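# Report on the structure
Chain by chain, the residues:
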Amino acid sequence: MADRRSFLGLAAVLTACTKSSKAPSVVEQSMAPYGERAAAEASILRTATERTASVGVGSSTTPLQELHGVITPSALHFERHHAGIPKIDPAKHTLLVHGLVAQPMEFSLDDLKRLPAVTRTHFIECSGNGGGELRGVAGATVEKSHGLLSCSEWTGVPLKVLLEQAGVKPEAKWVIAEGADACRMARSIPMAKCMEDALVVYGQNGEALRPGQGYPLRLLLPGFEGNSSVKWLDRLHVTQEPAQSNQETAHYTDLLPNGKARQFSFVMDTNSVITRPSGGQKITGGAGFVEISGIAWTGNGKIKRVEVSIDGGKTWVDAALEEPVLSRSLVRFRAPWVWDGKDAVIQSRATDETGYLQPTRDEIVEARGTNSQYHYHGVKQWAVKADGSVTNV
Ligand SMILES: Nc1nc2c(c(=O)[nH]1)N[C@H]1C(S)=C(S)[C@@H](COP(=O)(O)O)O[C@H]1N2
Ligand SMILES: [Mo]
């Protein structure tokens, strides 16, 4: 009886719908076997940066200002390639684990998929992200200032499981991870990270990795600089020392004002940016309620607090953090704002669970100078004008 009533109710609604003046002019939609987004959203795209002097070398940025929540759609994940995207047959691809192990092992994709898997949400950020801000060129949009940053739900096997299966020897201190791209990019990873939370992943946002993200297999080092998450992973060489040769490029270095260099500065610093309202956007409809929303992240673990200022950093209020706050993941923050319709300068600053507060650009320049273009994470500000336009300052 109840079923019949609700069925009749639904039928009435459907009839009303088709009669309503809001009924769509085209009811029939083609059912694409692999979905497409709404035509009106098709202009939201990655932007290729102009570092393409040699073929295959370059990057593209994520349009963070257009995204909701914390997950980057796979098609919009930023890309950074040193030697293009290799074409790999997953049926032939294997991962070799050798060196200081009791038993060298070679895993096929099928072998890896038999092992206990985990699914985790983590950001990847290139250590060059924000380099322009440090050099004093304020990015006009969030994509320009922070777009070498994306966040996905990754699925794969903890690296620890593979190393334990191969039987890592006690003297082993490093793992040199190498990819199957033309430059065979390699990075040296400390054993502690390999055993803590490193993943060998084949899944991204519910489906296989995208070719640009390392299909069919990549290393994923949560919170470490992006270059250490080696794509198209096919070799893990367990060693006592980090790699020295050019081929097995060990790490990036950050040159300090005193001429010394910071090496193995793996962990991405605590950072945040307002994505709405942000540079290039316009507040329409005049003064009144506007939610300030953005993203925060840290390689140190969890974000504990995000504060927002609407007066150029003179006073701060706490933003709400969207739950769940995950470790080494983007976190969405939101703060209500009743805009008085006058010029304003809006900013955000994050604090992580270790108590570290995101510094201003001046504080970073003071501490690290401007020689290194890596690991910039200063407070970013946007100017809101009385006409609702939002620009960089
Ligand atoms: N094999 C290989 N792995 C690689 C790279 C590469 O060129 N080759 N680029 C690295 C750099 S510098 C970054 S920032 C990240 C970018 O990952 P994404 O392209 O999936 O965003 O991959 C890293 N892993
Ligand atoms: Mo990078």
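Below is a short write-up of the structure.

### Brief notes about the site of ligand 1
Ligand 1 sits among 19 residues. The nearest are Phe78, His82, Asp181, Arg218 and Lys231. Residue His77 places a side-chain N or O atom 3.2 Å away from an oxygen atom belonging to ligand 1. If ligand 1 stood free it would expose 540 Å²; the protein chains cover 100% of that surface. The element that contributes the greatest number of residues to the shell around ligand 1 is strand 3 (residues 79–81), accounting for three residues. For the shell around ligand 1, the class distribution of residues is six nonpolar, eight polar and five charged.

### Things to note about the sheet that holds strand 4 (residues 94–99)
Read from one edge to the other, the open sheet built from five strands follows the order 5-4-13-8-9, with strand pairing classed as mixed. Every other strand in the sheet has two partners, leaving strand 5 (105–108) and strand 9 (186–190) as the edge strands with one partner each. The mean inter-strand angle of the sheet, taken between neighbouring strand axes irrespective of direction, is 20 degrees. As judged from the four bridges shared by strand 4 and strand 13 (residues 233–239), these two strands associate in the parallel manner. Among the inter-strand pairings, Leu96 is bridged to a residue of strand 13, identified as Arg235. Seen against the sheet, helix 5 (residues 159–166) touches strand 4, strand 5, strand 8 (174–179) and strand 13 and runs at an angle of roughly 135 degrees to strand 5.

### Considerations on unusual backbone geometry
In this model, Tyr215 is joined to Pro216 through a cis peptide bond whose omega is 10 degrees. When you line up the elements, Pro216 lands in the loop between strand 11 (207–208) and strand 12 (218–220). Unusually for a residue other than glycine, Arg184 sits at a positive phi of about 45 degrees. Its place among the elements puts Arg184 in the loop between strand 8 and strand 9. Arg184 gets classed as partly exposed once you look at its relative accessible area, which sits at 24%. The backbone phi angle of His375 is positive, close to 65 degrees, even though this residue is not glycine. As for its position among the elements, His375 is in the loop between helix 7 (361–368) and strand 23 (381–384). Residue class for His375 comes out buried when judged on its relative accessible area of 2%.

What counts and what doesn't
- Residues numbered from 1 in each chain as written.
- Chains lettered and ligands numbered in written order.
- Predicted model: local features only at pLDDT ≥ 70, side-chain atom pairs only at ≥ 80, totals over all residues.
- Heavy atoms only, no water.
- Near = heavy atom within 4 Å.
- Polar contact = N/O pair within 3.5 Å; in protein donor to acceptor, adjacent residues only side chain to side chain.
- Areas by Shrake-Rupley, 256 points an atom, 1.4 Å probe, with all protein chains shown as cover.
- Helix = DSSP H or I, 4+ residues; strand = E, 2+ residues; numbered from the N terminus.
- Nonpolar A, V, L, I, M, F, W, Y, C, P; charged D, E, K, R; others polar.
- Pairing = 2+ DSSP bridges.
- Axes fitted to C-alpha atoms, helices over the stretch in contact; angles between N-to-C directions.
- Contact = heavy atoms within 4.5 Å.
- Buried < 20%, exposed > 50% of the residue type's maximum accessible area, 1.4 Å probe, protein only.

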